[in-house]
Every structure is written in structure tokens, then in C-alpha cells.
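Read off the chains here:
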Amino acid sequence: MTSAQATCLADALAAGYGILAQGGSALIAVERTIGLLEQSGLFNAGRGANRQLDGVQRMDAAIMEGTQLKAGAVASIEGIAHPITAARLVMEETDHVLLVGPFAGRFAQHFKLDRHRSTGAPRRLSYDRILGKQKRSTRERHGTVGAVALDRSGTVAAGASTGGIDSMLPGRVGDTPLIGCGVYADNQSGAVSMTGAGEGIIRLVIAKSICDRLAMGKSPAVAARQALRMLVSRIRGSAGALILSPDGRFAIRHVTPHMAAGWWSGTGQPTVRGEFP
Ligand code: ASP
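Every value quoted in this text rests on a predicted model; they were computed, and no experiment measured them.

### Observations concerning the overall build of the protein
Looking only at helices and strands, the protein has eight helices and eleven strands in total. Taking 19 Å as the expected radius of gyration for a compact globule of 277 residues, we find that the protein reaches 17 Å, a close match to that expectation. For the protein, the accessible area works out to roughly 12,700 Å², and carbon and sulfur atoms hold 51% of it. Considering the protein, the positive charge centre built from 31 side chains and the negative charge centre built from 21 side chains are found 7 Å apart.

Okay, structure coming up:
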């Protein structure tokens, strides 16, 4: 984690907590926190989103609240600065949960969301070359952003926003916009936001799996450890999780080498670290 990222994380935590301290909702705190991280260009989300193999940034985001289990998401959205806000609008302004591609972009335009002009023209690559390139890649660049929050009314919320993984085929969608995979929130169990290799997270529906463990009475730390251990042992997956229970207990756990994250409950300064052993 760079010092710029650490500062940005602390500022985002303080901004999110500020909303909660004024009696604002967990949902808006999560949106605001993620919005600042998207805006920064320092993470793999919003302005800093990865490019797919044709050179285009296509972003995924989701948000969910735990009272009525309302959720909204966008996938493969292009050209907007805040996919997390588009996700909240899908949740609040439509009867749907997920909008994709150009239609998600058109929806965001209708609400006049800030545009983000991605630099660089799309590359014309033959599919044979794209597939070969995808298979050869060993680099991994993560950096999805996410947040969980609990407000005064006892409602939890979770959200995440990403530019995906390295060397993605055009049109690839990861776990982030899939409710129950990258994000889940339920006042009867807790809130979870995931980062990591999305294909594995999808196959084991990890966010919901952690919430189910919370509902069975496991602590956030134990629920996360069990689900992440299963991810590694069953399919050699790789991920990190933010977990918050409705009684305020939380855990940050990862089986990736690093995970830049932090927390704040209003006293002292926000805590930000690059690893959570
Ligand atoms: N989970 C994201 C995805 O697979 C990537 C990440 O967390 O870095 O799209």
C-alpha cells in the first residue's frame, strides 16, 4: 500500500463515519466511502479501473442494505466516474437488481452521473491473440474497493466497486456485481464485501456463505476464516473479506498476500493497514 493510498483510505473512512455520526444511513456511508476511493484513481475502481484486453475500462459495482435486503448492481459499465452510485440508483429507482453494459451506461446518463473519460482508444485485437494473451498472463492486479457499515438504526450495508482483474477478456464480469458473491447484507446476519479472484468467489458464493455462518452464531473472524479456508482448499481461490455483524463486531481477513483496508469507530484516528494476519 502506498502512502497516498493509506491517506485516501483514512479520509474515506472518516467521510463514511461522518455520515453515520450525523445519523445518516449505512447505505449512504458505504456509497460515500466507496465514491471517494473510486474518485482517487489510486485503486482498481472508478478512475483507476483496470482495462480489459481490448483496452477498455468496464466496471462492476454493487450495494446492498440489510433491512429489506434491497440491492442494486451494474456490470460492464463504461465511462462513468461512480459505478457505486449507479448501483444505488438501480436499487432505489428500479424494480431490478442488476443492469449491464451500454444499458447500465444509459441508465447512469439518465441520472446525469459524472462521466469519466477513459484515456486511450479501444484496441483491435483478434480473438486468437486475446485468448492467448489471457492464458499467458501471470500478473495479478487487484485493488477492488469495498466498504461495510452499521448505522444507528441497526441497519448494515455493504458495497464494492471494481475494474476487474488483470488480463480479462472483453465482457468478463467478476464477483463484485453478483449479490451473494462479492457483496451481501442482512440485518439478521451481517454485511460482507469481498475482493480477490472473482471466478473463485463466484463459484463458492462467498459473501452469502460468510453471512450464513454469521447467522449460525459464528463470529465475523471465524465465519471469514472458515469460508476463506474452504475457498483455498476446494478450488485454490484467493480473496479477502470485510465482515461486520449487526452488533458491531467486525473482521478483516484475507488469504491474498496483502489487503489494504481499515476501520474507524469514531475515536482516535482511522486505522489503516496493508495486511491483516
Ligand atoms: N473481485 C474482483 C473481480 O474479480 C477483483 C478484485 O477484487 O481485485 O472482478
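### Some words on the site of the ligand
T144, R172, D175, T195 and G196 are the nearest of the 13 residues found near the ligand. Contact between the ligand and G196: a nitrogen atom at 2.7 Å from a main-chain N or O atom of the residue. Bound to the protein, the ligand loses 100% of the 270 Å² it would expose on its own. Across the shell around the ligand, the residue classes tally to one nonpolar, ten polar and two charged.

### Notes on the pairing of strand β5 (residues 156–162)
Counting buried positions along β5 gives seven out of seven residues, so the element sits mostly inside the fold. By the alternation rule, side chains of β5 split into V156, A158, A160 and T162 and A157, G159 and S161, which are all buried. By the bridge criterion, six bridges tie strand β1 (residues 59–65) to β5 in an arrangement that is antiparallel. Residue M64 lies in a different strand from β5, and its bridge partner there is A158. Sheet analysis places strand β4 (residues 145–150) next to β5, joined by six bridges and oriented antiparallel. Within β5, the position partnered with G146 by the bridge is A160.

Cut-offs used in this document
Residues numbered from 1 in each chain as written. Predicted model: local features only at pLDDT ≥ 70, side-chain atom pairs only at ≥ 80, totals over all residues. Heavy atoms only, no water. Helix = DSSP H or I, 4+ residues; strand = E, 2+ residues; numbered from the N terminus. Rg over C-alpha atoms; globule rule 2.2 N^0.38 Å. Areas by Shrake-Rupley, 256 points an atom, 1.4 Å probe, with all protein chains shown as cover. Lys, Arg positive; Asp, Glu negative; His and termini not counted. Charge placed at Lys NZ, Arg CZ, Asp CG, Glu CD. Near = heavy atom within 4 Å. Polar contact = N/O pair within 3.5 Å; in protein donor to acceptor, adjacent residues only side chain to side chain. Nonpolar A, V, L, I, M, F, W, Y, C, P; charged D, E, K, R; others polar. Buried < 20%, exposed > 50% of the residue type's maximum accessible area, 1.4 Å probe, protein only. Pairing = 2+ DSSP bridges.

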